[in-house]
Amino acid sequence: MGNQLGLAWLVTHWLPQPSRAVRGGRQLLQLSYPLTGWLWASRIMDGETNGSAASGDQLLAPEAAEAVGAGEMVITEGKARIIFPGRNEVFYNPVQEFNRDLTCAVITEFARLWLSAKGIRAIVPGEKHAGKMVVDLSEGDMEMVQEGVEQTAAPGEVCQGGLRVLEGLAASGLRSIRFAQEVPGLHAVIANDFSARAVELMGRNVQLNGVGHLVTPSQADARMVMYQSKAEKKPFDVIDLDPYGSPAIFLDAAVQALSEGGLLCVTCTDMAVMAGNSGETCYSKYGAMSLKGKFCHEMALRILLHSLDLRANCYQRYVVPLLAISVDFYIRVFVRIFTGQAKVKASASKQALVYHCVGCGTHHLQRLGKVTSHGSNFKYSPASGPPVGTLCEHCQQRHQLGGPIWAEPLHDMAFVERVLGALETNPRRFRTQDRIQGILSMVTEELSEVPLYYTLDHLSSTIHCNTPSLLQFRSALLHAGYQVSLSHACKNTIKTDAPATVIWDIMRCWEKLHPVKRERLSETSPAARILAVEPTLKASFTVREDANPKSRRRGLKRFQENPEANWGPKARAKAQGGISLALQEKSRQHQGKRKEREESARATLGSFPSKRFKQGTCSFGDQCCYSRTPEESSAPGPQPETPALDSQPDCSSLEDPGQPSTPGQPDAPMPELDSPSPLAP
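Residues numbered from 1 in each chain as written. Predicted model: local features only at pLDDT ≥ 70, side-chain atom pairs only at ≥ 80, totals over all residues. Heavy atoms only, no water.

Examining the nonpolar core
Generally speaking, a soluble globular protein has its nonpolar side chains buried in company with each other. By size, the foremost hydrophobic cluster in this structure holds 57 residues, and its most contacted members are Leu-102, Leu-163, Leu-263, Leu-323 and Leu-440. Sorting elements by how many residues they give to this core places helix 4 (residues 97-116) first, with 11 residues. Setting aside chain neighbours within four positions, we find Leu-102 in contact with Leu-323, Ile-325, Phe-334, Ile-436 and Leu-440. Counting 48 residues, the second largest nonpolar core, distinct from the first, contains Val-255, Met-271, Val-335 and Val-354. (Core = buried A, V, L, I, M, F, W, Y, C linked by side-chain atoms within 4.5 Å. Buried < 20%, exposed > 50% of the residue type's maximum accessible area, 1.4 Å probe, protein only. Helix = DSSP H or I, 4+ residues; strand = E, 2+ residues; numbered from the N terminus. Contact = heavy atoms within 4.5 Å.)

A few points about the packing of helix 10 (residues 279-286) against helix 11 (residues 296-313)
With their axes 10 Å apart at the nearest point, helix 10 and helix 11 run at an angle of 30° to one another. Considered as vectors, helix 10 and helix 11 are oriented roughly parallel to each other. Seen from helix 10, the contacting residues are Cys-282, Lys-285 and Tyr-286; seen from helix 11, they are Ile-303, Leu-304, His-306, Ser-307 and Arg-311. Considering only residue class, the contact of helix 10 with helix 11 consists of four nonpolar, two polar and two charged. (Axes fitted to C-alpha atoms, helices over the stretch in contact; angles between N-to-C directions. Parallel < 35°, antiparallel > 145°, perpendicular 65-115°, else oblique. Nonpolar A, V, L, I, M, F, W, Y, C, P; charged D, E, K, R; others polar.)

So, the sheet that holds strand 16 (residues 317-327)
The seven strands lie next to each other as 13-12-11-14-15-17-16, forming an open sheet whose pairing is mixed. Among the strands making up the open sheet, the edge pair consists of strand 13 (215-219) and strand 16. Neighbour-to-neighbour, the strand axes of the sheet open up by a mean angle of 15°, direction not taken into account. By the bridge criterion, three bridges tie strand 11 (residues 163-167) to strand 14 (residues 236-241) in an arrangement that is parallel. Within strand 14, the residue paired with Glu-167 across the bridge is Asp-240. (Pairing = 2+ DSSP bridges.)

A closer look at the packing of aromatic side chains
According to the stated counting rule, one finds four aromatic pairs in the structure shown. Considering the side-chain rings of Phe-110 and Trp-114, the 5.5 Å spacing of their centres and the 40° angle between planes classify their relative orientation as tilted. Note that Phe-110 and Trp-114 are positioned in helix 4 at a spacing of four residues, about one turn of the helix. Here Phe-110 falls in the buried class, since its relative accessible area comes to 1%. Judged by centre distance (5.2 Å) and plane angle (70°), the rings of Trp-510 and Phe-541 are edge-to-face. (Phe/Tyr/Trp six-rings, centres within 6.5 Å; stacked < 30°, edge-to-face > 60°.)

Structural data, given as structure tokens:
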């Protein structure tokens, strides 16, 4: 406290008024000290102190202070400090700090496994070493290495025989500088970017952090750098691709430029394409059709893994996923690339098509290939199918066909446990460490052999009943003898090995305890057809102790709140800097667009009388979006054209008052106007 008061006195009495800049929710102060000529570089005002790695208080020497030009600021993240221009000339998104922290943690454990085969022990400052036993995680069994290790590798040092790392799209070089300062066992880091302004800034940042012996800036097309490394037979051991948008154009070069068993880290931020909004675009980029279902975020991960494996197969290579996560507005995968003709033959059996019902949301998977063993030999043949009929067996609606997707496990649980164990021995290493531990803990609890998931709110909205608690539904599945887990990709998810018939039987039993008004349901709606069948399973909703997952009981930080205002994908960097007026106007117009749409629809429908209820009998009262005045008698003569009834949401079809159902959505069916009703006008 005394140090803080003394610092405050110095700032107010000896220093000039600071200039403040706000970037990504962080307040950056630039202060010049006239007595010593030092610069108070970057004070991160976020209310957190997380050790030396997370601290934003850094003093720069006078020569470093002179490197900061007008309109520039110094940003501190981890152990790295970067000069960043005030204008949008070079891309930087502070919300991606979680991505960079996680990448440093994953590459650190990969380096340990990589160097253990060479008798080198990787050391990270701050870790409490439990022992010197190291293992080599190769394809197949885990090989134990001798316990006595003499050579060590620490962050910031050049390791002979260490990892060669390429960051294909480095921008300011922040990620590469953090690798050099925080990841042990590196031999060289190539920080590449196509922008001359980015490479110039990168060189200044490398000099500012004193990592020129490890990090080499490069200005070139990332694809040409990777193709050239393959041609020169100098492959990279780690390749990190974090582009603005889709990484599809870089994947072919990446799978060729990696050494045997190398690590490929890929980020995708084009989630609108991968989550089902543009299935045809997804196919052109990744070779798979995306679907707009509740499981879209996990499906996006599996589409990316399918695309990586497909490209690797062209060169007799295949992928082994270590970790694949969906967070915030992007997905991130870590895979190893191996070579083997026999394993490539089995790749078809690892891919699957997805049949998704548009009515009730039930999904089924159809593998593309089949592998049968005959002693020590294997036979590869096409799979037989399809697993569904023309219409859904539960609601008689049609199916959509998506994929192919990766149908094998998303994670290597042994590797994830290693990363978690390393974080527990060094609890103050990263600023976002709490969230990393929460998400990785959820990953270890997921059912690895079960692709995709359901969500409780969608199951309940399909049959128009209130939603059971997460513990109640999980307990019902456990009582029935099935496995169940959550998913890190979405809240209130149900990932289970139970068939769809069991899931809907449980929902039917729940509806009997909390009945819906079936007279309001259309006979052709998914809800009416599902509830018309009597359940064959007697579900028990008594809460079991094992229904609450460990990560939930411990209160780990699994799903964060919005980290800052207007967070998400930032605008693309421009050579001249700044954000175009057209983009600013577009962003302004999109604010509150759903609310404006509802108000517009309410104003339009307010001129029409209800076709379902007589005046005074509507149960929605003032929340009804239709006219509340009696309809005047019409005069003879031509009448204005009345909008089609099937395009107007009737208040009788609204399960939630005041929220008009969207036309064409299967979970909010329109009532049949020809059906008799005592309240029909």
